[in-house]
Amino acid sequence: MNKEYDAIVIGAGHAGIEAAYALAKLGKNTLLTSMSLDSIGFMACNPNVGGSAKGHLVKEIDALGGLMGEIADLATIQIRMLNLSNGPAVHSLRAQVDKNLYHRKMKERLENTENLTILQSEVANIIIDANIACGVITAMGDKYKANVVILATGVYLNAKIITGEYSKLSGPNGFYRSEILGNNLKSIGLPIRRFKTGTPPRVMGSTVDFAKMTVQNGDNDRLSFSIITDFDVRNDMLCYLTYTNEDTHKIILSNLDKAPLYNGAIEGTGPRYCPSIEDKVVRFKDKSRHQLFIEPEGAETNEMYVQGLSTSLPYYIQEEILATIPGLENAKITRYGYAIEYDCIDPQALLPTLETKTVKGLFCCGQINGSSGYEEAAAQGLIAGINACQYVDKKEPFVLKRDEAYIGVLIDDLVTNGTNEPYRMMTSRAEYRLSLRQDNVYFRLSDLGKKTGLTDSFRYEKYLQKKSEIEALEKVAITKINPSCITELFKECNENLPKNSISIKDLFKRPGINAQALSKYIPELSKFAPDVLHHYEVETKYEGYLSRQTRDVKAMEKMENYLLPPEIDYLSLHGLRIEARQKLEKVRPRTLAQASRISGVTPADINVLIVFLKRK
Amino acid sequence: MNKNTDTIMACATPLNAIGAIGIIRISGGESHPLLAKIFKPYKEQKDCHALMQLGEITTKNFKDKCFAVKFYAPNSYTGEDMAEIQFHGGVAIARGVLRSLSLLGCRIAEPGEFTKRSFLNNKLTLNEAEGIADIINAQSESHAMQAYRMLSGEFSKIVHDACKLLLDAIASVDVILDYPEETSIEDFDKIIVNLKSIEAQFIKILDSSANRRYIEYGINVVIAGMPNTGKSSLLNAIIKDERAIVTEIPGTTRDILKESIEIDGVRINFIDTAGIHDSSDVIEQIGIDRALVAIKSADIVLVLTDLSESPSNLEKHLLKELPIEKTIKVGNKSDIKRFNKKTDINVSAKTGCGIDELIICIFKKLQLTTDVGYITRERHLELVTSALQSIRIVLTTYTIASPDIIAEELKEAYRCLTEITGENATESVIDKIFSTFCVGK
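Conventions and cut-offs
Within each chain, residues carry numbers counting from 1 in the order of the written sequence. Naming scheme: in the order in which they are written, chains are lettered from A and ligands are numbered from 1. Side-chain atom pairs in this predicted model are given and counted only at pLDDT of 80 or more, local residue features only at pLDDT of at least 70, and totals for whole chains, interfaces and linings cover all residues. Side-chain measures were taken over the full set of non-hydrogen atoms in the model, leaving aside hydrogen atoms and water. Helix numbering and strand numbering both begin at the N terminus, where a helix is a DSSP run of H or I of at least 4 residues and a strand a DSSP run of E of at least 2. The globule rule is 2.2 Å times the number of residues to the power 0.38, and the radius of gyration it is compared with is taken over C-alpha atoms. Exposure is judged per residue with a 1.4 Å probe applied to protein chains only, and the accessible area is read against the type maximum: over 50% gives exposed, under 20% gives buried, and values in between give partly exposed. Here, two residues are considered to be in contact whenever any of their heavy atoms come within 4.5 Å of each other. Here, Shrake-Rupley sampling with a 1.4 Å probe gives the accessible areas, and only protein chains in the shown set may cover a residue. His is not counted, nor are the chain ends, whereas Lys and Arg count as positive and Asp and Glu as negative. Here the site of a charge means NZ on Lys, CZ on Arg, CG on Asp, or CD on Glu. In the sections that follow, a salt bridge refers to a side-chain nitrogen of Lys or Arg positioned within 4 Å of a carboxyl oxygen of Asp or Glu. Lines fitted to the C-alpha atoms define the axes, with helices restricted to the stretch that makes contact. Angles between their N-to-C directions range from 0 to 180 degrees. Note on angle classes: values under 35 degrees are labelled roughly parallel, values over 145 roughly antiparallel, values of 65 to 115 roughly perpendicular, and the remainder oblique. Each crossing gets its handedness from the near helix: less than a right angle anticlockwise from the far helix is left-handed, clockwise is right-handed. Amino acids are sorted into nonpolar (Ala, Val, Leu, Ile, Met, Phe, Trp, Tyr, Cys and Pro), charged (Asp, Glu, Lys and Arg) and polar (every other residue, Gly among them). When DSSP finds two or more bridges between a pair of strands, those strands are recorded as paired. Nonpolar cores are built from buried Ala, Val, Leu, Ile, Met, Phe, Trp, Tyr and Cys residues. Side-chain atoms within 4.5 Å join them into one set. The path from the first strand over the helix to the second decides the hand: if it runs clockwise while the strands point away from the viewer, the crossover is right-handed. Pairing of aromatic side chains here covers Phe, Tyr and the six-membered ring of Trp, requires ring centres within 6.5 Å, and sorts the geometry by plane angle: under 30 degrees stacked, over 60 edge-to-face, intermediate tilted. A residue counts toward a patch only above 30% relative accessible area and without a salt bridge, and it is joined to like-charged neighbours within 9 Å or, for Val, Leu, Ile, Met, Phe, Trp and Tyr, to nonpolar neighbours within 5 Å. By this rule the span expected of a helix is its residue count minus one, scaled by 1.5 Å. The arc under discussion is defined with respect to the helix axis, by the directions toward the C-beta atoms. Side-chain atoms alone can form a polar contact between residues adjacent in sequence; in general such a contact is a pair of N or O atoms within 3.5 Å, and within protein one must be able to donate a hydrogen while the other accepts it.

Novice: Looking at this structure, how should I read the overall build of chain A?
Specialist: The number of helices and strands found in chain A is 21 helices and 22 strands. Compactness check: chain A gives a C-alpha radius of gyration of 26 Å against a globular reference of 25 Å for 616 residues, within 12% of the reference. Dimensions of chain A, computed from the C-alpha atoms along their principal axes, are close to 80 × 70 × 55 Å. Looking at chain A as a whole, 61% of its 616 residues qualify as buried. Sequence-distant contacts, at least 24 apart, represent 72% of the contacts inside chain A between residues at least 6 apart. In the form shown here, chain A has an accessible surface area of approximately 23700 Å², with 49% of it arising from carbon and sulfur atoms. One way to put it: in chain A the 76 positive side-chain charges average out to a point 4 Å from where the 75 negative ones average out.

Novice: It is not clear to me how unusual backbone geometry should be interpreted in this structure. Could you clarify?
Specialist: With the exception of glycine, most residues fall at negative phi, and the peptide bonds are largely trans. The step from Lys40 of chain B to Pro41 of chain B runs through a cis peptide bond, and the omega angle for that step is -5°. Residue placement: Pro41 of chain B occurs in the loop between β3 (39-40) and β4 (50-58). Despite not being glycine, Asn173 of chain A shows a phi value in the positive range, around 55°. Tracing the backbone shows Asn173 of chain A in the loop between β11 (166-168) and α5 (180-187).

Novice: Please clarify how the pattern of salt bridges should be interpreted in this entry.
Specialist: All names here are of chain A. All told, the structure shown has 49 salt bridges over all chains when counted by the stated rule. A salt bridge links Glu179 to Arg177; the nearest nitrogen and oxygen atoms lie 3.1 Å apart. When its relative accessible area of 39% is taken as the criterion, Glu179 is described as partly exposed. Relative accessible area serves as the criterion here: at 13%, Arg177 is assigned to the buried category. In this structure, Lys554 engages Glu557 in a salt bridge whose closest nitrogen and oxygen atoms are separated by 3.7 Å. Taken together, the residues span about one helical turn, with Lys554 and Glu557 both in helix α18 (residues 543-561) at a distance of three residues.

Novice: How should I be thinking about the packing of helix α1 (residues 14-25) of chain A against helix α4 (residues 99-111) of chain A in this particular structure?
Specialist: For any two helices packed against each other, one specifies the crossing angle of their axes together with the interaxial distance. All names here are of chain A. Where α1 meets α4, the closest approach of the two axes is 11 Å, and the angle between their N-to-C directions is 25°. Here α1 is positioned roughly parallel relative to α4, judged by the angle of their axes. Handedness of the α1/α4 crossing: left-handed. On the side of α1, the interface is formed by His14, Ile17 and Tyr21, while α4 contributes Tyr102, Met106, Arg109 and Leu110. In terms of residue class, the contact of α1 with α4 is made up of five nonpolar, one polar and one charged.

Novice: Please explain the sheet that holds strand β15 (residues 239-243) of chain A as it appears in this structure.
Specialist: Think of a sheet as strands paired side by side through backbone hydrogen bonds, with each pair either parallel or antiparallel. Residue and element names in this part refer to chain A. Pairing is antiparallel across the open sheet formed by six strands, whose spatial order is β14-β15-β16-β17-β13-β18. This sheet does not close on itself; its edge strands, each paired only once, are β14 (214-216) and β18 (333-335). Strand-to-strand twist of the sheet, defined as the mean angle between neighbouring strand axes without regard to direction, takes the value 35°. Pairing analysis gives two bridges linking strand β13 (residues 202-204) to β18, with the strands arranged antiparallel. Bridged to Arg202 within β18 is Arg335.

Novice: Looking at this structure, how should I read the nonpolar core?
Specialist: Counting 104 residues, the largest nonpolar core has Ile10, Tyr102, Leu110, Ile126, Leu151, Leu400 and Ile407 of chain A as the members making the most contacts within it. With 11 residues, helix α10 (residues 374-392) of chain A is the largest single contributor of residues to this core. With residues near it in sequence (within four places) discarded, Leu110 of chain A still touches Ile17, Tyr21, Leu32, Ile40, Leu67, Leu116 and Ile118 of chain A. In terms of nonpolar packing, the next biggest core, distinct from the first, is built from 36 residues, Phe202, Val384, Ile406 and Ala407 of chain B among them.

Novice: It is not clear to me how the pairing of strand β2 (residues 30-34) of chain A should be interpreted in this structure. Could you clarify?
Specialist: Along any regular strand, the residues point their side chains to alternate faces of the sheet. Residues and elements named next belong to chain A. Counting buried residues along β2, five of its five residues qualify, which places the element largely inside the surrounding structure. Burial along β2 is two-sided: Thr30, Leu32 and Ser34 facing one way and Leu31 and Thr33 facing the other are all buried. Across four bridges, the pairing between strand β1 (residues 4-10) and β2 is parallel. Counterpart to Ala7 in the pairing with β2 is Thr30. Chirality of the crossover, the property in question, places the unit of β1, α1 and β2 among those that are right-handed. When β2 meets strand β6 (residues 116-120), the two strands line up parallel, connected through five bridges. Across the sheet, the residue bridging to Leu31 is Thr117, located in β6.

Novice: Explain the packing of aromatic side chains here, please?
Specialist: What characterises a pair of aromatic rings is the spacing of the ring centres plus the angle enclosed by the ring planes. Residue and element names in this part refer to chain A. Across all of its chains, the model carries 10 aromatic pairs over all chains by this definition. Aromatic pair Tyr315 and Tyr336: ring centres 6.2 Å apart, planes at 80°, arrangement edge-to-face. Of this pair, Tyr315 sits in helix α9 (residues 315-323) while Tyr336 sits in the loop between β18 and β19 (338-345), placing them 21 residues apart in sequence. A relative accessible area of 48% places Tyr315 in the partly exposed class. Members of the aromatic cluster, each reached through a chain of ring pairs, are Tyr315, Tyr316 and Tyr336.

Novice: Quick question: what am I supposed to make of the pairing of β4 of chain B here?
Specialist: Residues and elements named next belong to chain B. Bridge count for β3 against β4 is two bridges, and the pairing is antiparallel. Bridged to Phe39 within β4 is Ile57. Of the strand pairs in this sheet, β4 and strand β5 (residues 63-71) are connected by nine bridges, and their pairing is antiparallel. Within β5, the position partnered with Met52 by the bridge is Val69. Joining the antiparallel neighbours β4 and β5 is a turn of four residues.

Novice: Explain a nonpolar patch on the surface here, please?
Specialist: A cluster of nonpolar side chains, namely Met52, Leu54 and Phe67 of chain B, defines an oily patch on the protein surface of about 300 Å² accessible area. Here Leu54 of chain B lies in strand β4.

Novice: Mind showing me how you'd approach α4 of chain A here?
Specialist: Along an α-helix, residues three or four positions apart point the same way, because every turn accommodates 3.6 residues. Residue and element names in this part refer to chain A. Between its terminal C-alpha atoms α4 stretches 18 Å, which fits the 18 Å expected from 13 residues at 1.5 Å a residue. Turning to α4, its buried residues number three or more, namely Lys99, Tyr102, His103, Met106 and Leu110. Mapping the buried residues of α4 onto a view down its axis gives an arc of 95°, with all of them on the same face. Residues of α4 that are buried in the fold lie against α1, β2, α3 (68-75), β5 (92-97), β6 and β13. Of the residues that open α4, the one with a side-chain oxygen 3.1 Å from the backbone nitrogen of Asn100 is Asp98.

Novice: What is the right way to look at the environment of Cys361 of chain B in this model?
Specialist: Residues and elements named next belong to chain B. For Cys361, the location among the structural elements is in helix α12 (residues 355-365). Counting along the chain gives 33 residues from Cys361 to Ile328, while the straight-line C-alpha distance between them is 8.2 Å. Apart from residues lying up to four places away in sequence, Cys361 is in contact with Ile328 and Ile345.

Novice: It is not clear to me how the environment of Phe202 of chain B should be interpreted in this structure. Could you clarify?
Specialist: Residue and element names in this part refer to chain B. With respect to the helices, strands and loops of the structure, Phe202 is situated in helix α7 (residues 188-208). Considering only alpha carbons, one finds Phe202 and Ser156, 46 residues apart in sequence, at a separation of 11 Å. Phe202 has contacts with Ile158, Ala162, Val384, Ala387, Leu388, Ile391 and Leu417, leaving out every residue within four places of it along the chain.

Novice: What should I look at first to understand helix α19 (residues 578-587) of chain A in this one?
Specialist: All names here are of chain A. Looking only at α19, the buried set comprises Ala580, Arg581, Leu584 and Val587. Buried positions in α19, seen along its axis, are confined to an arc of 145° and lie on one side of it. Trailing α19 by a residue or two, Arg588 shows a phi angle of about 45°, which is positive.

Novice: In this structure, what is going on with the sheet that holds β4 of chain B? I would like to understand it.
Specialist: Ordered in space as β3-β4-β5-β6-β2-β1-β7 (chain B), the seven strands form an open sheet in which the pairing is mixed. Because the sheet does not close on itself, it has two edges, and the strands there are β3 and β7 (107-108) of chain B.

Novice: Help me understand the side chain of Ser428 of chain A, please; the structure alone is not making it clear to me.
Specialist: Within the element layout of this structure, Ser428 of chain A appears in the loop between α11 (406-417) and α12 (441-452). A polar side-chain atom of Ser428 of chain A sits 3.3 Å from a polar atom in the side chain of Asp174 of chain B.

Novice: What is the right way to look at the side chain of Glu297 of chain A in this model?
Specialist: Residue and element names in this part refer to chain A. Within the fold, Glu297 resides in the loop between β16 (291-296) and β17 (303-307). Its relative accessible area of 8% is what places Glu297 among the buried residues. Side-chain polar atoms of Glu297 contact the side chain of Arg202, separated by 3.1 Å. Aside from chain neighbours lying at most four places away, what touches Glu297 is Cys45, Pro47, Val97, Asp98, Lys99, Arg202, Glu303, Met304 and Tyr305.

So, in structure tokens, the structure goes:
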């Protein structure tokens, strides 16, 4: 049997899937291993894909030819655009997804992907020769050779599940954990750390009194993640909103001694953005209630996810808590909430390609890098996959810049400044937030995706089609309109009627006038699709801000393009402050711009560095 | 603000030293248009590497004949369009030009910034780069020190308070954008109230900022003292000092009570308190009263005492009445000193001894900074001005602008201020969100 591959991906979660799919699509003979094939694309926590900033990530993955958006569309049961009232930069798509269907569709897709072999097996070690990764050994002792190895082990390394006084050495949801590999990674010099995250209880829907809760419907608009999705996604399932109350909080506060988070049983660092309910109650004592969303786990199950109630309190306290919440008084728990601790690495040990600095040909992606979330994992998987391919082909690294994509922000944040808690993507992290929108995602990334080869011609054609529609609209927008013909429009939008004729573009610029209203009154616009009009409207209304950001980006361009030679010995670099030397030595930035973003490295340090480089 | 391509300037000759000529360099895309705004006649000639012309420079306060040299990218030190203005030596003119350019949007360069641009544009040769690291370090160290010094006192308090309020505002807006389902702007009115208070504070800073106010209106120095303590001689000695430029202000030059000179770019109006030495039969109290009226509007009072004469009661009374923070006790006639008196500084108007120190003493008393400090301070004021602009945009548009835009302007303001305080803007916002709001599923 042939046990030689171009690439081996360890772990078939959201990161591993994208990495393996990208490699296979790019023609690399790829092996994807998982300890259980029943956990391929398993959504261990919340039953949704997307959301604020995460929706952007999924769209970016789609533009670059990744899988997540396509499969999410197939498994969606409710879809909404969040943030509609907060400005187009932050419009974020979020889908409730049937978890089991997502897993099945994903597995089916991977099974039918050329060049891709799937194997249920526990990898025990990475074969490294002269600091170059060249294969893996399974726990059973089997050897597989490869030119490149990708670690996408998620939260499985030395994982431990904790609920109250009970703890078990186990992966999430009863899946096996990985023991041998985690320990071996330490021995190859990767800096291992311990992080923690958690999940809420699930309840049986038939025992929930929905009448006491607020219904949340999907949006009426036709929405989907992928540009190639040509069907209406399923959008008929409901979510519900309810709240905790003072009684709930009393129970939690009087049982804090039983909370592993507070009695010392948990040593890992948990995320601030995904706090357990005990954390919320302790830290925000003045809040009399916290909201809880009750969301379906799928279309063919009656289990519901209690979003907002992540906890590791003992099982009987979880029951007491539910009994205080309107609508959940009699709810039967199907799966108890738990906290999970796991080993991950310090991402500062990685290059922006996600290759480790110490072992060539070894890449890491997903939660092993200290991130959190399906979307963050998938985004890294995609980038690791593309770069692994570039590595095998001895081609230039593929690194997205902070002004090109949230993916660029995500990876740059991780590898440049590391993270002290599981890292979640937030729009606040993007300094070019107005430029990184969902509506321009294909304009930002399709060409780059085509260059890597992952964005296939079918997808690219779709983009070109959009592009030509926009160009057509730009031409139409030059047309001058006599205001007297559209007095109704001005009345409806509460805008002052201009004296002279006005171009359609200038109409778009007016704050009170939106694309929808315009297309109603100007027949030339009615032939354009809503997303085309929306994109044009945003670009026009935000023109000033966008050109300012473009200018800012231009200003950084030279620094971004300046590659730092990998052999610099920062520690002995004359003229640099000691702190700067140490930080630079640890991060070993790829570009001058990345160096300037390291916290603790000052502009003066950068100037010294520049001079040094020139002197060399 | 664009740190690598916006237009920057620096005085290439030392700001506080005396030389025959002073040179100001400007680099960046806007350098030629900027030059055109202050230098006439401005000529354009594209087919050359550099162009030198004689003309006249016009600033708010003066005109001066000077040379201007235009360098065309990439044939310049930095590789960008550059301009050089060569004028008659003297800090007053240099500062005037820097200030005019600053008002037109030109930014004062950071240490080593010209060199950095030069490097980024592949203009720096190996030899030129030698040793520059040390210079950058030395310069930025003194910058850091100055910046630190500057950040004590009222200015720093206002900036820090504004940072805090802005951070609250940004976090309140950003948390909605990142957690749309869990939050809504609860108290936008409070944000607006806070922004208005920042606006008022900033306007106050910009109006009352020591440098800016003194540069704009000059310093009023009242010379008080008994007859024959040497007030006029002192004034003459200061005027003769080679650092001083006697300015001709119509209507005041022949006013015997007031002489104006300019030192280090700052006009100093010396005002003689005629009342005290009017005549010896005036009773003490009246003399002091008159002096007090004069010093009310004064920034500094020099109380002159004759070191060759025994202390007088009038002097003692006068000193008791004066606010200590603007009083400098000056002993004159140190060349023929006979008595030991408690003074802040001793001079000899006759020999000129101690005059320089006296000027420095006045500047120190007003916390007026010179050279590097001056530049850092100007940069800070520029940043406060930009922050104020963004805050005003929010105040005028918040009812119609969407939160993502409001956040953008707030962050721009915050970024400007963190450039003064040296914090990391993005990290602070995220920390603030998590410490203030209960969010997360």
